Amino acid sequence: INAEYMGEFNWILKMDSDANLYAIVPIDTVNNGIPPPPPIELKALREFTEDLGLDVGLNQPQANAPYLGLSNQGATCYMNSLLQSLFMSPEFRRGVYEWRWDINEHGPLEDCIPAQLQKLFARLQMNTQTGVETRDLTKSFQWDSGNSFEQHDVQEFCRVLFDAIEQTCRGTKTEHLITDLYEGLSASYVRCSECKYESLREERWLDLCLTVKNKFDKIYCDSLEKALQVYLKPEYLTGSNQYSCEVCGKKTDATKGTKFIRLPKLLSLILNRFAFDYMTMRREKLDDFVSFPFILNMNNYMAGYEGIKGKVNDEPDEKAFSMSTGGVRDRIAKMEAQKKEQSTDTTKTKNAATAAGKASNQTRTFLDEIRQKKKMTGGVQSEGGNGIDVVIYSKNEEEIANPGFIEATIHPLGADTPPRTGGPPPPPPKIDAAIIKAMLGAPDPPVIAIPKIGAPPPPPPQIDPSLIQAVMGISVEEQLMYQGTPQEAPATEKKTASTQKEEEEAITQEEPTGRDKDTSYFVSHKQEKFTLDGVRVSETGQTEEEVRQKQEAAREKAAAEKEERRLKAIEEREKQIKQYLEEGPEVYELYAILIHSGGAYGGHYFAFIRSFEDGKWYNFNDRSVTELDEEEIPSRVFGGGKMSNAYMLLYRRVDENKPEKIPEEVIPSYIRAKVEEERKLAREEEERRREVMRTVTLKVFYKLESRGIPGRLDDTLEMMKLRAMEFFGIQTDPQNVRLRHYNAPTDAGLEGLEDKELMTLEKLHIHNGKTLLLEEREPGAEWPKYDAEAITLKLAVWPPSEDRIMLHARKSWILVELVGAIAQATGILADNLLMFRKHVISGISRASELNVIEAGHCELTNLRLFDGTVLYVEERDNAVEKYMRGKWDREFERESYRVEIRYNDPRATDANADEFTRRVDMDTRDPLDKLKTKICEDLELNPSEIILRRTGKLGIEIKELNQTIQGTGLSNGSCVWVGFGRPATKGQITLSFFLCRLSPHGKDNQMFEFEPLFDLPIDENKTASEVTEIVRRQMKEDKGIELKDEQSLRLREKVSDRVNRVYREIPMKLQAIFEGRQVAVEIFDHEVPVLSTAREHVAFVRLWDPETYDLSAPFEIVIDRTKSLKHLAERICEKQSVIPLANILIHKVINLGNFSRFDPISGKWEDGLNDHDTLASNPFYVSNDSSVFIVRDRTKDIRQPTEDEIRLFGISANRSVPKRVSSDAKFASMSTKYGGTVKEKSLKIHIKKKDDEANADAKKEEKQAADKIIQEQPVQQNNNGQQKEENGPSFFEPLI
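Rules and cut-offs
Residues numbered from 1 in each chain as written. Predicted model: local features only at pLDDT ≥ 70, side-chain atom pairs only at ≥ 80, totals over all residues. Heavy atoms only, no water. Helix = DSSP H or I, 4+ residues; strand = E, 2+ residues; numbered from the N terminus. Buried < 20%, exposed > 50% of the residue type's maximum accessible area, 1.4 Å probe, protein only. Contact = heavy atoms within 4.5 Å. Areas by Shrake-Rupley, 256 points an atom, 1.4 Å probe, with all protein chains shown as cover. Expected span 1.5 Å × (residues − 1). Polar contact = N/O pair within 3.5 Å; in protein donor to acceptor, adjacent residues only side chain to side chain. Pairing = 2+ DSSP bridges. Axes fitted to C-alpha atoms, helices over the stretch in contact; angles between N-to-C directions. Patch = residues over 30% accessible without salt bridge, like charges linked within 9 Å, V, L, I, M, F, W, Y side chains within 5 Å. Salt bridge = Lys/Arg side-chain N within 4 Å of Asp/Glu carboxyl O. Parallel < 35°, antiparallel > 145°, perpendicular 65-115°, else oblique. Left-handed = near helix turned anticlockwise from the far one by under 90°. Nonpolar A, V, L, I, M, F, W, Y, C, P; charged D, E, K, R; others polar. Phe/Tyr/Trp six-rings, centres within 6.5 Å; stacked < 30°, edge-to-face > 60°. Lys NZ or Arg CZ within 6 Å of the ring centre and 35° of its normal. Core = buried A, V, L, I, M, F, W, Y, C linked by side-chain atoms within 4.5 Å.

Draft legend 1. View of the overall build of the chain. The secondary structure content of the chain amounts to 35 helices and 50 strands. Sorting the 1296 residues of the chain into buried and exposed places 45% on the buried side. Residue pairs at least 24 apart in sequence account for 68% of intrachain contacts in the chain once pairs closer than 6 positions are excluded. Total accessible area computed for the chain in this model is approximately 68000 Å², and 49% of it derives from carbon and sulfur atoms.

Below you can see the structure in the form of structure tokens.
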């Protein structure tokens, strides 16, 4: 739907399940009787969404489909498509069933891939569920939920799955299942041109990947036959690329190519639609047109390239790469040229005018209508108004402005379409919808917009049926079938525009004004009748049943013709197969097409598969399985401008022994037993669900008391009546008690049910929660008759209250009669009576007056006064108020602007201090100053000592008190946090200050300790030094912290438990501060060095001992990011003397929050003597004041951590720890765990039993190596038996 309308309407999908027709219509049009747009078939709507790669909930399982779908776990459509193709391959399915599971050899059943594949196929075959789950299978892959949301290539999944099956089945009788069915054999050869010696190398394959487009060689394969020919086409080795022939003993010209030796029973062909564009350095999907046959004669390719009969042109084609996507415009040009050759001279002249940008009269009229509104945004023109909205998409405005382009879009190319002057229009020629969509630049269909409520729409305008056929795929015949052929009115009965306008004005004058002017629509259109599917009956004079019978007959005729065409196509293919078999046995029949819909970086997979049981094609789209018309396949999967096209083709070799239906007895007994148990449980669950669905509770009223009466849908109404009498304790003859429908809000009894007591609740359409009334009568008395014309109106009399007066009226009353009844019920004189109805317009409640002068003779139904409608009544006090707004109108307006604001009590000392327990009613048009005043009056506080914040304690402070509540965004139920403090003014920002200290013995990933100080409003134009002086004074006044003269402060940005930027001597507003920003205050015993330039930064350094993993306390340095790594090492040496400059290796901490002292083991270390790379570039990329560097001595080897250290310091299982790292050369080849090139995640299927065995062996070897390293590590001791300290006191923090 055009996004322009999405904000104005609430749309629904309206369905006629019998006719299988759908229409997308706004809710307002349904509520007000406006006819819906012409419906379309569900099939067309589903095809359109599939072409876009979208799932809008239309792919529901077909009720009579003989196959089941597979549930999508998140992004497993690629897996579902392949699994369905394998299931529909009886040779593969039977082979899977023949495999037998052994717990000793294959492990637990839930971890065995072939066993789970057996169970999945058994579930699909035995029809246990509506949508079969694949979680058991993916669990056997050792996948978690995250793997289910990773989309992969279906070819990649096929190869990985086949490899896992082969490994598991090795050593069994089915170990050759994959190779027997899918493996082909080719030979790569090099043939010497002189001695004719041929060097061969055999290659085995499970699928053939064929070229769609090769930009380097300028090859475009628009058919499968051409792609196979290009695959076999040899390469000639000449010139500098000559072949070194062993026989000739020299370099000679040669031919290099491929030829088929043996083809598999099931042939898998991949159309390589994914490529890498080296111009844009991005992946791209090739949506180009590629055709393929249903019967493939591979005999033609078994003799190599030279033996191919009827070769197609496979030379480079520059023209194919100058076209738009798929060569669509080029094919259109060819179509136009063919039309010109076949048409008359008159048609040629017509085409020449169109090509020159001259449109026909019909097209010019259409363009003039479009340009009336002059809506053009981003290449979109739309015709708004009350009629049908046609949106034309194009990539540039020149095409939109070119009448010839519109002419080619609306009318068939080269067709001379005369304007309609009478009689039914001629059927338009066929147009490929994909071509039209490609010309339009987007696959969206025209949007049929419904007029807004408030103005009566004119009769729907006529739209050229060829446009609807081209874009929506609905033929002219189908349009006439759905809508009925319009009958042209006699010339004498046609009304001119002026006559029509006069009649409409006359109708409008009879109806009420203002909001009730809508009722004129019901008067002027009440003669028109529409069925559920949008068929207009009044124009043809046919009843709804006659139209439906006509449609059903047309559908049956179309179905019979389609079946006849299908049988004829099968017969023709059988003849073709016999003809090809005369050439050899390599004849293949297409049985599955795996389709990718989307782009290079994502999309959706589904499959078209031919059943070997009934010969029909089915669309397998996750849970949905629907029958497919074979005639539609080429237009839906060949590509050419569509995002949905064939990607993987599966062919079966034609054999005399055709596949037979696999009986359930072939399924292994251990699998069949499990599936039978599942089926039994599913039946029991379904019975329980149905039982619950058939259980109802009716709400029965008796003398204003209500009770819930339990029952079942198959209970009779009499049984429910007796049960209700028992509940209410009624001891009387049941003949004098009845149940009737009841409207509880109006306390009005509706239709009686005393003559239907022997019918069941289900037949009476009485379901759960239905409201009924239990009534008694005197013996011998008659039941009062139900008056269908009676309605009950509720009267709300001024002043406002919860009380309502119930007024009984009739639908046929006119407004004057209603006024008299209201005057009698309320005691207000009719002349002074004002009546209003309440309306909500754009969220604002307003009153519309029911004016007796303007609408006094209108019936209540036409005024939209129905049962339960509330009327607001007041008395006009004097003549002065006659021309003023009513009191109810003003009250509704105040009600619309009235909001309740919640706030907390800052005086509370317990945990409730921040809970919003207090409330105040405000008008959203009031200023915030009034809100603050009311809050302070309620709390008895001084406004100058109170701070208001939005939503909570950490919310934005409310400063500009002259703004209105509505302008601030506060709405009903909004929370305002109230706290003590100095309120900020405009231009000030309240910051939260924290005292910051270096942690003496903190965690590896936490170097600082913080203590909250206070919140302080700061002028955003002040510099850091000016703010520092304010903070110094505030610390003394509020916290009693008085600094010495030699002590200094520094302000830094606080982020969580770390510090970031140092605030410079520029205005604070230029340093990314905002409301509530946390600022760290550092205290130094010396003068803090000033960062004079923007390139200078503060960094922290910690020394790391690779033998003990000890870390030193952090110390601070100032570095220049434009200088080299050697500059950093020199600054480090100024602060420490443990490691000399020549021995310094530096590692940068990427994420301090996740840092551990074990990270440097596998980290990337840089040489401190590096005088080439700057700090601002690779590898450190210093850009702020939060850098943390780890420094070690290059002369010390890194020790392997022990098991106790790994356990004690919580090294996670996924943290990689090398077995042995002892040289800097190894570090140079390693990358950081956060750096390096991120590779696309590959698809993996793990075989649990084999992985467990391999992991056990690896862990055993790793433990032995670690024990050996620890035993060989020397320990130096002094005379007292204690470890010797060679360098004096340790500069490092101990490990424990």
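Draft legend 2. Just helix 9 (residues 154-169), in detail. Under the 1.5 Å per step criterion, the end-to-end length of helix 9 is 22 Å for 16 residues, consistent within 8% with the ideal 22 Å. Regarding helix 9, the residues found buried are Val154, Gln155, Phe157, Cys158, Leu161, Phe162, Ala164, Ile165, Thr168 and Cys169. One side-chain oxygen of the residue at the start of helix 9 lies 2.9 Å from the amide nitrogen of Gln155, identifying that residue as Asp153. One or two positions beyond helix 9, positive phi appears at Gly171, with a value near 90°.

Draft legend 3. Quick look at the sheet that holds strand 35 (residues 844-849). A sheet is described by the order of its strands in space; here five strands give the open sequence 33-32-36-34-35, paired in mixed fashion. What marks the edges here is a single partner per strand, and that holds for strand 33 (805-810) and strand 35. Direction aside, neighbouring strands of the sheet carry axes that sit 40° apart on average. Bridge count for strand 32 (residues 790-797) against strand 36 (residues 870-875) is four bridges, and the pairing is parallel. Bridging from a neighbouring strand, Val797 pairs with Val873 of strand 36. Packing of helix 28 (residues 887-897) onto the sheet brings it into contact with strand 32, strand 34 (833-841), strand 35 and strand 36, and relative to strand 35 it is tilted by some 170°.

Draft legend 4. Here's a closer look at the environment of Val1079. One can find Val1079 in strand 45 (residues 1078-1084). Those residues in contact with Val1079, other than ones at most four positions away along the chain, are Leu991, Ser992, Phe993, Phe994, Leu1051, Arg1052, Lys1054 and Tyr1063.

Draft legend 5. Representation of the side chain of Glu893 within the structure. Tracing the backbone shows Glu893 in helix 28. Setting aside chain neighbours within four positions, we find Glu893 in contact with Ser845, Arg885 and Arg925.

Draft legend 6. View of a nonpolar patch on the surface. The grouping of Phe216, Phe276, Tyr278 and Met281 at the surface amounts to a nonpolar patch, some 510 Å² of accessible area in total. For Phe276, the location among the structural elements is in strand 16 (residues 274-277). On the basis of relative accessible area, Phe276 is assigned to the partly exposed category, the value being 36%.

Draft legend 7. Quick peek at the pattern of salt bridges. Under the criterion given, the structure shown has 69 salt bridges. Across the pair Arg566 and Glu563 runs a salt bridge, and its minimum N-O distance is 3.0 Å. In this pair, Arg566 and Glu563 are both assigned in helix 22 (residues 544-581), three residues apart and thus about one turn of the helix distant. By relative accessible area, which is 32% here, Glu563 ends up partly exposed.

Draft legend 8. A look at the environment of Ser971. Relative to the helices and strands, Ser971 is located in the loop between helix 30 (965-968) and strand 40 (975-980). Those residues within four positions of Ser971 in sequence are excluded, and the remaining contacts are Val899, Glu900 and Ile901.

Draft legend 9. Examining the packing of helix 4 (residues 77-87) against helix 9 more closely. One can describe the packing of helix 4 onto helix 9 by two numbers: an axis separation of 9 Å at closest approach and a directional angle of 60°. In terms of orientation, helix 4 lies oblique with respect to helix 9. As for the relative orientation of helix 4 and helix 9, their crossing is right-handed in sense. Only Val154, Phe157, Cys158, Leu161 and Phe162 of helix 9 make contact with helix 4, whose side of the interface consists of Tyr78, Met79, Leu82, Leu83 and Leu86. Classifying every residue of the contact of helix 4 with helix 9 gives ten nonpolar, no polar and no charged.

Draft legend 10. Focus on the packing of aromatic side chains. For the structure on display, the rule yields 32 aromatic pairs. Ring plane angle 40° and centroid distance 4.9 Å describe the contact between Phe162 and Tyr182, whose orientation is recorded as tilted. One end of the pair, Phe162, is in helix 9; the other, Tyr182, is in helix 10 (residues 177-182), with 20 residues separating them in the sequence. Between Phe606 and Phe608, the aromatic rings sit 5.7 Å apart at their centres with planes inclined by 55°, giving tilted as the arrangement. The exposure classification of Phe606 matches that of Phe608, with both residues buried. Here a set of aromatic residues connected by ring pairs shows up, and it is made of Phe87, Phe92, Phe121, Phe162 and Tyr182. In this structure, Arg93 packs its charged tip against the face of Phe87, placed 3.8 Å from the ring centre.

Draft legend 11. The arrangement of the environment of Lys1148 in detail. Residue position: Lys1148 is located in strand 48 (residues 1144-1148). For the pair Lys1148 and Pro1160, spaced twelve residues apart in sequence, the C-alpha to C-alpha distance is 9.1 Å. Setting aside its immediate chain neighbours within four residues, Lys1148 contacts Phe1180, Tyr1181, Val1182, Ser1187, Val1188 and Phe1189. At a separation of 2.6 Å, a polar atom in the side chain of Lys1148 contacts the main-chain carbonyl oxygen of Phe1180.

Draft legend 12. Representation of the sheet that holds strand 40 within the structure. If you trace the four strands from one edge of the open sheet to the other, you get 38-37-40-39, paired in mixed fashion. A strand with exactly one partner marks an edge of an open sheet, and here the two such strands are strand 38 (918-923) and strand 39 (946-950). Averaged over neighbouring strand pairs, the angle between their axes works out to 35° when direction is ignored. On the sheet, helix 28 packs against strand 37 (898-903) and strand 38 and is oriented at approximately 30° with respect to strand 37. The sheet contacts of helix 29 (residues 928-939) involve strand 37, strand 38, strand 39 and strand 40, and relative to strand 38 the element is tilted by about 145°.

Draft legend 13. Spotlight on unusual backbone geometry. Look at the link from Trp798 to Pro799: it is a cis peptide, with omega at 5°. One can find Pro799 in the loop between strand 32 and strand 33. For Lys218, which is not glycine, the phi dihedral falls at a positive 60°. Relative to the assigned elements, Lys218 resides in the loop between strand 9 (213-214) and strand 10 (219-220). With relative accessibility at 25%, the residue Lys218 sits in the partly exposed group.

Draft legend 14. Fine view of the pairing of strand 34. Pairing of strand 34 with strand 36 involves four bridges; the strand directions are antiparallel. What sits directly across from Leu833, in strand 36, is Glu875.

Draft legend 15. Spotlight on the pairing of strand 43 (residues 1048-1055). Burial within strand 43 is extensive, with seven of its eight residues counted as buried. In the sheet, strand 43 pairs with strand 45 via six bridges, with the strands oriented antiparallel. Along strand 45, the bridge assignment pairs Arg1050 with Glu1082. Pairing analysis gives three bridges linking strand 43 to strand 44 (residues 1058-1062), with the strands arranged antiparallel. From the neighbouring strand, Lys1054 faces strand 44, where its bridge partner is Val1059.

Draft legend 16. Local environment of the nonpolar core. Ranked by internal contacts, the top residues of the largest apolar core, which has 64 residues, are Phe92, Phe121, Phe141, Phe157, Leu161 and Ile1245. Apart from residues lying up to four places away in sequence, Leu161 is in contact with Leu82, Leu83, Leu86, Ile113, Phe141 and Ile1245.

Draft legend 17. Summary view of the packing of helix 5 (residues 90-98) against helix 7 (residues 113-126). For the pair helix 5 and helix 7, the least separation of the axes is 9 Å and the interaxial angle reads 125°. Considering the angle they form, helix 5 stands oblique to helix 7. You can see that helix 5 and helix 7 cross each other, and the crossing is left-handed. On helix 7, the residues that touch Phe92, Arg93, Val96 and Tyr97 of helix 5 are Pro114, Leu117, Gln118, Phe121, Ala122 and Gln125. Looking at the contact of helix 5 with helix 7 residue by residue, the class counts come to seven nonpolar, two polar and one charged.

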